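# Geometric and topological summary
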Amino acid sequence: MTYSFLQHYWWFLVSLLGALLVFLMFVQGANSMVRTLGYTEEGRRLIINSTGRKWEFTFTTLVTFGGAFFASFPLFYSTSFGGAYWLWMIILFTFVLQAVSYEFQNKLGNLLGAKTFQIFLAINGFAGPLLLGGAVATFFEGSNFIVMKDNLIDAQSFTPVISHWANASHGLDALLNPWVLVFGLAVMFLARVLGTLYIINNVNNDDIRSRAGFQLLASSIAFVVLFVVYLIHLLLKDGYSYTADGTIVIEPYKYLHNFLDMWYLLIVLLIGVVLVLFAISRSFADKKWIWGIWPAGIGVVMVVLSLLLCAGWNNTAYYPSTANLQSSLTIQNSCSSEFTLTTMAIVSILIPFVLAYIWHAWWSIDQKKIDLKEITDEHAY
C-alpha cells in the first residue's frame, strides 16, 4: 500500500461515514415534523418513540465521523473543528438538546412540560441538518482560514497553533454565503423526506401515514429544486486543484472535470438520484407501499459518497481557503503519517463486522412496528 493509496483510501472511508450520517439524519427530519404528523399526544409519542430507537445510531456516526477525520486528516480537524468552533458548537448543542429531550420529556417531575422538549427535538430537526449541510458545502465553497505550518519550526515565534480563522466569526460567516445556505437547506429538506419515509415504514398508524403524504410531497419538491440548483452551480463553478509540488491553483469547471475524469463516480451519482426519485414517487403514488426508506437511503448514501469523493480525489483541494489560496487543504497536505494511516488501515478490516452488528441490531429493533401499545410500556419515551 503506497502513501497515496492510503490517503485516497481514508478519504473514501471518511466520505462513506459522512454519507451514512446524512442518511441517518432521517431521525432529525422526522423530529422536525413531530407536531405536524402527530396531531394528538398519542401520535406525537408514536413518532418520538420511533425515532428514539434510532437516534443513537445518528449520534454515534457523527462522533465516529469526527474521530475518523481527526485520525486520518488531523490538519482539517484542527482547522475546522478548532477554527470554526462556533458552528460546530451549535451543531453539537442541538444534538445535546436531542438526547436530553428523549430522556426527560415524560419523566416524573418534568417542570418544563413535554411540549418544551418536543420543541427542542424540532430545533435539532431543523438546525442539525441545515448546519451540517452548510459545513459540508464549505468543502466546495471554501472557508475563511489561514494555515501557517512554519509556526512549528520558527524558533522565534514558536507556537503550537498552525491554523486560525481569519475573522472573529469562527465559522458563522459561512452562513452568509448563499450557496452554503442552498446546500444546507437541501440537506434539511432531504432529512425531512427521509424522516417521512421512515415514519411511513416504522409507525403502524393509519392517521400518521395519511398525513405523511402531503409532507412527503412538499419536502420532496423543495429538496429536488434546491439540490438541482446547487448541482448545476457546482458543475459550472471554479474549483481548486493542486499541482505535483502541492501548489493550489484555481481550475474552471473543476468538479465537472472530476466527474468526467472519474466517470464511475458520475454513474454512482446518477444511480443514487434515480433510487431517491423512485422511492419518493412510488411512496406517494402507492399509499400501501411502505418500503421507500430503503431505496431512498441507499440512493442518498450513493449521492453523498460520490459528491464527497469528487471533493477530495483527482488532485482536488477538499477544503479551500478563501483567505489564502495556498492554505487550502488537500488529502496530501493534511493527512497523518504513513505509519498512522497504515496502522489504521489494518484496524479498518473490522469495519464490516461492525456494520454487520449494526444491521443485526437494527433488524432486531424493527421486528415489530411501532403502535399505540408501544407507548404504554414503562420504558417508552
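In case you missed it, the structure is sitting above this.
Note that the coordinates shown come from a computational prediction; the quantities given were computed from them, not determined experimentally.

### Re the overall build of the chain
Tallying secondary structure elements over the chain gives 15 helices and four strands in all. In terms of overall dimensions, the chain has a C-alpha envelope of 65 × 45 × 40 Å along the principal axes. Relative to its full complement of 381 residues, the chain shows a buried share of 52%. Here the analysis covers contacts within the chain between residues at least 6 apart in sequence; of these, 76% occur between residues at least 24 apart. If you sum the accessible surface of the chain, you get close to 17,300 Å²; carbon and sulfur atoms cover 71% of it.

### Quick word on the nonpolar core
Core analysis: the biggest nonpolar cluster contains 108 residues, and W11, F23, F69, F73, F139 and Y318 have the highest contact counts within it. Of the residues forming this core, the biggest block, 13 residues, is contributed by helix α9 (residues 178-202). Ignoring anything within four residues of it in the chain, the contact list for F73 reads Q7, W10, W11, V14, A68, Y318, I331, S334, C335 and S336.

### Observations concerning the pattern of salt bridges
This structure, assessed with the given rule, holds four salt bridges. Here E41 makes a salt bridge to R44, at a shortest N to O gap of 3.4 Å. Linking E41 with R44, this pair stays in helix α4 (residues 41-52), spanning three residues, or about one helical turn. Classification of E41 by relative accessible area gives partly exposed; the value is 33%. Classification of R44 by relative accessible area gives buried; the value is 11%. Note that D286 and R282 form a salt bridge whose closest N and O atoms lie 3.8 Å from each other. Residue classification places D286 among the partly exposed positions, given a relative accessible area of 28%.

### A closer look at the packing of helix α5 (residues 55-72) against helix α7 (residues 85-104)
It is at 11 Å that the axes of α5 and α7 come closest, and there the two elements cross at 155°. With respect to their mutual orientation, α5 and α7 come out roughly antiparallel. Considering only the axes of α5 and α7, their crossing is left-handed. Two secondary-structure elements touch here, α5 through W55, T58, F59 and L62 and α7 through L92, F95, Q98, A99 and Y102. Of the residues assigned to the contact of α5 with α7, the class counts are seven nonpolar, two polar and no charged.

### Side note on helix α6 (residues 74-83)
Residues of α6 that are buried include every one of L75, F76, T79, S80 and G83, and no others. Projected down its long axis, α6 carries its buried residues within an arc of 105°, all on one side. The inward-facing, buried residues of α6 contact α5, α7, α8 (114-141), β1 (145-147) and β2 (163-165).

### Some words on the packing of aromatic side chains
Following the criterion strictly, the structure yields 40 aromatic pairs and no others. Here the aromatic rings of F139 and Y318 are separated by 6.2 Å at their centres, their planes lie at 80°, and the arrangement is edge-to-face. Here F139 is found in helix α8, whereas its partner Y318 is found in the loop between α13 (293-312) and α14 (338-347), with 179 residues between them in sequence. Taking relative accessible area as the criterion, Y318 reaches 0% and is therefore assigned buried. Over the ring of W362 we find K54, and its NZ or CZ is 4.9 Å from the ring centre. Of note, K287 hangs over the ring of F284, and the distance from its end group to the ring centre comes to 4.4 Å.

### Some details on α7
Its 20 residues give α7 an end-to-end C-alpha distance of 28 Å, which sits within 8% of 28 Å, the value for a rise of 1.5 Å per residue. Among all positions of α7, only L87, W88, I91, T94, F95, L97, Q98, S101 and Y102 are buried. Buried residues in α7 make contact with α2 (26-31), α4, α5, α6 and α8.

### Some thoughts on the pairing of strand β3 (residues 239-242)
Neither face of β3 is exposed, since G239 and S241 on one face and Y240 and Y242 on the opposite face are all buried. Here four bridges tie β3 to strand β4 (residues 248-251), and the two strands are oriented antiparallel to one another. Its bridge partner lying in β4, Y242 is registered against I248.

### Focus: a nonpolar patch on the surface
On the surface, Y85, W86, M89, I90, L92 and L172 cluster together into a nonpolar patch covering about 530 Å² of accessible area. Mapped onto the secondary structure, L172 falls in the loop between β2 and α9.

### Some points on the environment of N201
When you line up the elements, N201 lands in helix α9. Along the chain, N201 and W294 lie 93 residues apart, while their C-alpha atoms are 9.5 Å from each other. Not counting residues within four places of it along the chain, the set of residues in contact with N201 comprises R209, I290, W291, I293, W294 and K369. A polar contact is formed between the side chain of N201 and the backbone oxygen of I290, at a distance of 3.0 Å.

### Some thoughts on the packing of α7 against α8
Two elements in contact, α7 and α8, have axes separated by 8 Å at closest approach and are oriented at 150°. Considering their axes alone, α7 and α8 lie roughly antiparallel with respect to each other. For α7 against α8, the interelement crossing comes out left-handed. Packed against α7, whose contacting residues are L87, W88, I90, I91, T94, F95, L97, Q98, V100, S101, Y102 and F104, the element α8 presents F117, F120, L121, I123, N124, A127, G128, L131, L132 and A135 at the interface. Among the residues making up the contact of α7 with α8, the classes are represented as 17 nonpolar, five polar and no charged.

Conventions and cut-offs
- Residues numbered from 1 in each chain as written.
- Predicted model: local features only at pLDDT ≥ 70, side-chain atom pairs only at ≥ 80, totals over all residues.
- Heavy atoms only, no water.
- Helix = DSSP H or I, 4+ residues; strand = E, 2+ residues; numbered from the N terminus.
- Buried < 20%, exposed > 50% of the residue type's maximum accessible area, 1.4 Å probe, protein only.
- Contact = heavy atoms within 4.5 Å.
- Areas by Shrake-Rupley, 256 points an atom, 1.4 Å probe, with all protein chains shown as cover.
- Core = buried A, V, L, I, M, F, W, Y, C linked by side-chain atoms within 4.5 Å.
- Salt bridge = Lys/Arg side-chain N within 4 Å of Asp/Glu carboxyl O.
- Axes fitted to C-alpha atoms, helices over the stretch in contact; angles between N-to-C directions.
- Parallel < 35°, antiparallel > 145°, perpendicular 65-115°, else oblique.
- Left-handed = near helix turned anticlockwise from the far one by under 90°.
- Nonpolar A, V, L, I, M, F, W, Y, C, P; charged D, E, K, R; others polar.
- Arc of directions from axis to C-beta.
- Phe/Tyr/Trp six-rings, centres within 6.5 Å; stacked < 30°, edge-to-face > 60°.
- Lys NZ or Arg CZ within 6 Å of the ring centre and 35° of its normal.
- Expected span 1.5 Å × (residues − 1).
- Pairing = 2+ DSSP bridges.
- Patch = residues over 30% accessible without salt bridge, like charges linked within 9 Å, V, L, I, M, F, W, Y side chains within 5 Å.
- Polar contact = N/O pair within 3.5 Å; in protein donor to acceptor, adjacent residues only side chain to side chain.

By themselves, these observations are geometric and do not establish any function.
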